[in-house]
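As a plain string of letters, each chain reads:
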Amino acid sequence: MKIPVIRRILESNEEKAQELQDFFEANGIVVLNLISSPGAGKTTLLEKTLNALRDEFNMAVIEGDIQTTADAERIARCGVQTVQINTEGACHLDSYMIYRAVEKLSTEHLDIIFIENVGNLVCPAEFKVGEDGKVALLSVPEGDDKPEKYPLLFSEAKLLLINKIDLLPYLEFDLEKVEKVVRGLNPSLEIVKLSARTGEGFEEWLSWLRKRVEEKRS
Amino acid sequence: MHEMSIAQSLLDIIRDEMEKNQLKVLFKVKVKTGKLNAIVPDALTFCFDLLLRDTPWEGAILEIETVPVRLKCVECGYEFYPPIEENVVSIFSIPCPSCGADFGHRVLEGKELLIEYIEGE
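Being a predicted model, the structure only gives us computed values, none of them experimental. (Residues numbered from 1 in each chain as written. Chains lettered and ligands numbered in written order. Predicted model: local features only at pLDDT ≥ 70, side-chain atom pairs only at ≥ 80, totals over all residues. Heavy atoms only, no water.)

Trainee: I would appreciate a short explanation of the overall build of chain A in the present structure.
Mentor: Looking only at helices and strands, chain A has eight helices and eight strands in total. Relative to the globule expectation of 17 Å for 218 residues, the C-alpha radius of gyration of chain A, 17 Å, shows essentially globular dimensions. Each principal axis of the C-alpha distribution contributes one length, and for chain A these read about 60 × 45 × 40 Å. Among the 218 residues that make up chain A, the fraction classed as buried is 58%. The long-range fraction of contacts in chain A, counting pairs at least 24 apart against all pairs at least 6 apart in sequence, stands at 72%. Of the roughly 9400 Å² of accessible surface on chain A, 47% is carried by carbon and sulfur atoms. (Helix = DSSP H or I, 4+ residues; strand = E, 2+ residues; numbered from the N terminus. Rg over C-alpha atoms; globule rule 2.2 N^0.38 Å. Buried < 20%, exposed > 50% of the residue type's maximum accessible area, 1.4 Å probe, protein only. Contact = heavy atoms within 4.5 Å. Areas by Shrake-Rupley, 256 points an atom, 1.4 Å probe, with all protein chains shown as cover.)

Trainee: Could you clarify how one ought to interpret the interface of chain A and chain B in this entry?
Mentor: Put simply, an interface is often sized by how much accessible area is lost when its parts join up. The partner chain B presents 34 residues to the 27 residues of chain A that form the contact. Approximately 2800 Å² of surface area, both sides summed, lies buried where chain A meets chain B, with 65% of it carried by carbon and sulfur atoms. Counting across the interface, chain A meets chain B through two salt bridges. Between R7 of chain A and D16 of chain B there is a salt bridge, with the nearest N and O atoms lying 2.7 Å from each other. (Buried area = accessible area lost by both parts, 1.4 Å probe. Salt bridge = Lys/Arg side-chain N within 4 Å of Asp/Glu carboxyl O.)

Trainee: How should the domain arrangement of chain B be read in this particular structure?
Mentor: Parsing chain B into structural domains produces domain 1 (3-68 + 110-120) and domain 2 (70-108). Here the C-alpha centroids of domain 1 of chain B and domain 2 of chain B sit 30 Å apart. (Domains from an automatic or database assignment.)

Trainee: Mind showing me how you'd approach the packing of helix 1 (residues 11-26) of chain A against helix 4 (residues 95-103) of chain A here?
Mentor: When two helices pack together, their arrangement is captured by the angle between the axes and the distance separating the axes. Residues and elements named next belong to chain A. At a minimum axis separation of 8 Å, helix 1 and helix 4 run at an interaxial angle of 35°. Viewed along their axes, helix 1 and helix 4 form a crossing whose handedness is left-handed. Residues S12, N13, K16, A17, E19, L20, F23 and F24 of helix 1 pack against S95, Y96, I98, Y99 and V102 of helix 4. Split into classes, the residues belonging to the contact of helix 1 with helix 4 amount to eight nonpolar, three polar and two charged. (Axes fitted to C-alpha atoms, helices over the stretch in contact; angles between N-to-C directions. Left-handed = near helix turned anticlockwise from the far one by under 90°. Nonpolar A, V, L, I, M, F, W, Y, C, P; charged D, E, K, R; others polar.)

Trainee: Looking at this model, I keep getting lost on the pattern of salt bridges. Mind explaining?
Mentor: Any two side chains of opposite charge can pair, so long as their charged atoms come close to each other. Considering all chains together, one arrives at 28 salt bridges over all chains under this definition. A salt bridge links R7 of chain A to E11 of chain A; the nearest nitrogen and oxygen atoms lie 2.4 Å apart. Exposure class is identical for R7 of chain A and E11 of chain A. Each is buried. E63 of chain B is paired through a salt bridge with K28 of chain B; the nearest N and O atoms lie 2.7 Å apart. Residue E63 of chain B is found in strand 2 (residues 61-67), and its partner K28 of chain B is found in strand 1 (residues 26-34); the two are separated by 35 residues along the sequence. E63 of chain B gets classed as partly exposed once you look at its relative accessible area, which sits at 32%. Taken together, the salt bridges that share partners define one network made up of R7 and E11 of chain A together with D16, E17 and K20 of chain B.

Trainee: Please explain helix 1 of chain A as it appears in this structure.
Mentor: Owing to its 3.6 residues per turn, the α-helix brings residues three or four apart onto one side. Relative to the 22 Å expected for 16 residues at 1.5 Å per residue, helix 1 of chain A spans 22 Å between its end C-alpha atoms, a close match to the ideal helical length. Listing the buried residues of helix 1 of chain A in full gives E11, N13, K16, A17, L20 and F24 of chain A. Turning to helix 1 of chain A, the residues buried within the fold contact strand 1 (2-8), strand 2 (30-36), helix 4 and strand 5 (112-116) of chain A together with helix 1 (3-20) of chain B. G28 of chain A sits one or two residues past helix 1 of chain A and shows a positive phi near 60°. (Expected span 1.5 Å × (residues − 1).)

Trainee: So what exactly am I meant to see when it comes to the sheet that holds strand 3 (residues 70-72) of chain B here?
Mentor: Think of a sheet as strands paired side by side through backbone hydrogen bonds, with each pair either parallel or antiparallel. Residues and elements named next belong to chain B. Strand order in the open sheet formed by three strands is 4-3-5, and the pairing between neighbours is antiparallel. Of all the strands in the sheet, the pair left with one neighbour each is strand 4 (79-80) and strand 5 (106-109). Pairing of strand 3 with strand 4 involves two bridges; the strand directions are antiparallel. Each bridged residue has a counterpart across the sheet, and for L71 the counterpart in strand 4 is F80. (Pairing = 2+ DSSP bridges.)

Trainee: I tried to follow the sheet that holds strand 6 (residues 113-120) of chain B on my own but got confused; where do I start?
Mentor: Here four strands make up an open sheet; going across it, the order is 1(A)-6(B)-1(B)-2(B) and the pairing mixed. The strands lining the two open edges of the sheet, one partner per strand, are strand 1 of chain A together with strand 2 of chain B. Shown here is a sheet whose adjacent strand axes are inclined to one another by a mean of 15°, direction ignored. For strand 1 of chain A and strand 6 of chain B, the ladder comprises five bridges, and the chain directions are antiparallel. Bridge pairing in strand 6 of chain B places P4 of chain A opposite Y117 of chain B. Helix 1 of chain B rests against strand 1 of chain A together with strand 1, strand 2 and strand 6 of chain B of the sheet, and its axis sits at about 135° to strand 1 of chain A.

Trainee: I'm lost on unusual backbone geometry in this one. Help?
Mentor: Apart from glycine, the bulk of residues carry a negative phi angle, and the bulk of peptide bonds sit in the trans form. Residues and elements named next belong to chain A. The phi dihedral of I6 falls on the positive side, at around 50°, and the residue is not glycine. The topology assignment puts I6 in strand 1. With relative accessibility at 55%, the residue I6 sits in the exposed group. Backbone geometry places T68, a non-glycine residue, at a positive phi of 70°. Here T68 lies in the loop between strand 3 (59-65) and helix 3 (70-76).

Here it is, written out as structure tokens:
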């Protein structure tokens, strides 16, 4: 007997993600899902961001890693609530993991939750986790061909951060090409170029965050 | 390896549908995956078989149809299939065959991740 089904395979993940999104909305929390390759600078970006905005906002970080608590320890030193998720091999975070992590947070008065996804350009883009938006982080040493090779993330992201621009003089990285390709993939994508190390462009990223919090509050 | 999570979610749906339709034996499952999801069919089949091992459904066949990317030109509205390539590299930056616009095509198909039917008794 053939039974037509027609169901989205990831429906249960998506339903849980919706539940989370409703919760974040009701509590006025901006939730950003930070996705990049390993080594693009997610943790450094977060450290600098937390230190810069600590007096303005209440923030928390959910750290996704396959193994170790090294990143969570770095973040915890910035004095914000941190929950570590070790995926034990899985290459991405899903909404059930985030749900369990959020249960461990005290969410009252929180303004922003950063979800630092597992370093990987492919799988994390596939799994919604109740976020307001995905922030894709692309660093200059990775090469300017990444958006073409991993279009899903760049076509879904709300913001693209191009990190390590202080290395532009030393590497062949065509910024114009990247901007052209990602705008093609995603015409409404916003782009901020920065260096988390030198602080160049960082103020623009902070203003972007402030705007998200303002929008949420209004 | 997102295939394992996908296989697990797939199995949850199969279990639910088998129960709803009072089926005991599972012969076949048909799924559709869009090319853009970067799912490796062999890896998905491997995970599916692994999850069914030592269960009453062991041996059920998983048929995977990969749906090619179909685009709609944002300038002129022409609908087309980008040339088939090994990877998804550069399918977004190819010129529209009708007007030549080379960016901003809308994805009509190629993102789906669906179970289409199950066969059993």
